[in-house]
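The chain contents come next:
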Amino acid sequence: MTVRLLRTIAEVRAAHDEARHAGRTIGLVPTMGYLHAGHASLMDAARAECGSVTATIFVNPLQFAAHEDLSTYPRDLEGDLALAKAHGVDIVFAPDVEEMYPSGPVLTTVSVREITATLDGASRPGHFDGVATVVAKLFAIAGACRAYFGEKDYQQLLVVSRMAHDLSFPVTVVGCPTIREADGLAMSSRNVYLGPEDRAAAPALKHCLDAGAAAIAAGERSPDAIEATMSSVLAGEPRATMDYVAAVDARTLERPASLRGEVRLLVAAQVGPARLIDNLGVHAD
Ligand code: AMP
């Protein structure tokens, strides 16, 4: 099987109409490219459940603030096509910015309230509007499908799920577990920014999450206490500068006085040139 590289919205619409007409379910895997095993796991999940798999590669300017890494974000279309092919992807949709935003700045944006008020939404103003807007466009282009997103970007997964639900997109959003390096570092395209010393320091984020999970396993239910444990572990790594640590309700991202049920632990930190995020799900009885 070969992978088809499509550059235009019209080509994707035609290919998806044809696949659906033939009775195949579309599996959609939106990415920014520079693909790794985390992306591959989404493609594998889509391949297992869908008759036709489309991966999208688009570094979306709308979700980067002016001071962020849009211009240096890593790109490797040839490597991406090889990985996509190896994981059974049928179509790679890699539009340029003009194809996605032909009239320049958009006048219409999608904004998901409340669950974007904290965490990365607070640290990166406008980021989730950019994400929700481009994902809404991708859903409108793809049509009825199952869309695969990683828990690695947990808040994004909640935002996209809520957006699809609120706006009645004919899309089932599927969350997939985080794929990690052997030392616990969550795979990310941005890990390429890390030099050897920063790379050695980066698993501190996972250690911080593990410490929060251990506190919950030991019976701690106070977000304050759990976050204090998490931040002290992160502070033990001098190359990591904390942005936030959080112990929150997994569904609402709210921070009750005492945690119960499904809890999400989240961390964001700067490690050398890379802003890294990670999270872990924990059940608190
Ligand atoms: P990105 O290219 O970083 O925008 O990511 C594209 C998709 O891959 C998003 O749904 C991410 O959550 C997901 N993803 C990125 N890294 C991982 C990982 N380590 N494990 C699982 N999914 C991931």
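Residues numbered from 1 in each chain as written. Predicted model: local features only at pLDDT ≥ 70, side-chain atom pairs only at ≥ 80, totals over all residues. Heavy atoms only, no water.

1. Considering the overall build of the protein
Right, so step 1: Of the regular secondary structure elements, the protein holds 10 helices and 9 strands.
Right, so step 2: Its C-alpha atoms give the protein principal-axis dimensions of about 55 × 40 × 40 Å.
Right, so step 3: When the 285 residues of the protein are sorted by exposure, 53% land in the buried category.
Right, so step 4: Counting contacts in the protein only where the partners sit at least 6 residues apart, residues at least 24 apart contribute 73% of the total.
Right, so step 5: Approximately 12900 Å² of the protein is accessible, and the part contributed by carbon and sulfur atoms is 53%. (Helix = DSSP H or I, 4+ residues; strand = E, 2+ residues; numbered from the N terminus. Buried < 20%, exposed > 50% of the residue type's maximum accessible area, 1.4 Å probe, protein only. Contact = heavy atoms within 4.5 Å. Areas by Shrake-Rupley, 256 points an atom, 1.4 Å probe, with all protein chains shown as cover.)

2. Considerations on helix α3 (residues 77–86)
Right, so step 1: Every buried residue belonging to α3 is among D80, L83 and A84, and all of these are buried. Projected down its long axis, α3 shows its buried positions confined to an angular sector of 100 degrees, all on one face. Facing away from the buried side of α3, by more than 90 degrees, are the exposed residues E78 and A86.
Right, so step 2: Against α2 (37–49), β3 (52–57) and β4 (91–93) lie the buried residues of α3. (Arc of directions from axis to C-beta.)

3. Points about the domain arrangement of the protein
By a widespread convention, an interface's size corresponds to the accessible area lost as its parts come together.
Right, so step 1: Assigned domains within the protein: domain 1 (4–176) and domain 2 (189–284).
Right, so step 2: Using C-alpha coordinates to define each centre, domain 1 is positioned 26 Å away from domain 2.
Right, so step 3: Together, the buried faces of domain 1 and domain 2 total about 1700 Å²; carbon and sulfur atoms form 51% of this surface.
Right, so step 4: Looking at the side of domain 1 facing domain 2, the largest losses of area belong to L119, K152 and Y154, adding up to 34% of the total buried there.
Right, so step 5: One can count 3 salt bridges joining domain 1 with domain 2.
Right, so step 6: The salt bridge partner of R190 is D69, with a shortest N-O separation of 2.8 Å.
Right, so step 7: Our enumeration of links across domain 1 and domain 2 arrives at 11 residue pairs in polar contact (both at pLDDT 80 or more).
Right, so step 8: Mapped by element, the contributors of at least two residues to the side of domain 1 that touches domain 2 are α5 (119–123) and α7 (154–166). (Domains from an automatic or database assignment. Buried area = accessible area lost by both parts, 1.4 Å probe. Salt bridge = Lys/Arg side-chain N within 4 Å of Asp/Glu carboxyl O. Polar contact = N/O pair within 3.5 Å; in protein donor to acceptor, adjacent residues only side chain to side chain.)

4. Side note on the environment of A10
Right, so step 1: Along the chain, A10 falls in helix α1 (residues 9–21).
Right, so step 2: When the C-alpha atoms of A10 and Y73 are compared, they prove to be 27 Å apart, with 63 residues separating the residues in sequence.

5. A word on the site of the ligand
Right, so step 1: Near the ligand there are 17 residues, and of these H39, G150, D153, I179 and M187 occur at the shortest range.
Right, so step 2: Between the ligand and G150 there is a distance of 2.9 Å, counted from an oxygen atom to a backbone nitrogen or oxygen.
Right, so step 3: In the model, a nitrogen atom of the ligand is placed 2.9 Å from a nitrogen or oxygen of the I179 main chain.
Right, so step 4: Relative to its unbound accessible area of 490 Å², the ligand is 92% covered by the protein chains.
Right, so step 5: Secondary structure elements with two or more residues in the shell around the ligand: β2 (26–31), α2 and β5 (145–150).
Right, so step 6: With 3 residues, α2 is the single largest residue contributor to the shell around the ligand. (Near = heavy atom within 4 Å.)

6. What about helix α6 (residues 127–142)?
Right, so step 1: For α6, with 16 residues, the first-to-last C-alpha span of 22 Å sits near the 22 Å given by 1.5 Å per residue.
Right, so step 2: Across the 16 residues of α6, 13 count as buried, placing the element largely inside the fold.
Right, so step 3: With its phi angle positive at about 75 degrees, G143 sits one or two positions after the end of α6. (Expected span 1.5 Å × (residues − 1).)

7. Looking at the pattern of salt bridges
Right, so step 1: Using the criterion set out here, one finds 16 salt bridges in the structure.
Right, so step 2: As a salt-bridge pair, E151 and R264 come within 3.2 Å of each other at their nearest N and O atoms. In this pair, E151 sits in the loop between β5 and α7 while R264 sits in strand β8 (residues 261–271), placing the two residues 113 residues apart along the sequence.
Right, so step 3: You can call R264 buried: its relative accessible area is 9%.
Right, so step 4: The network of salt bridges with shared partners includes D120, D243 and R275.

8. Considerations on the environment of N191
Right, so step 1: Topologically, N191 is positioned in the loop between β6 (171–176) and α8 (196–201).
Right, so step 2: Assessed through its relative accessible area of 12%, N191 is described here as buried.
Right, so step 3: Separated by 82 residues in the primary sequence, N191 and P273 have C-alpha atoms spaced 9.6 Å apart.

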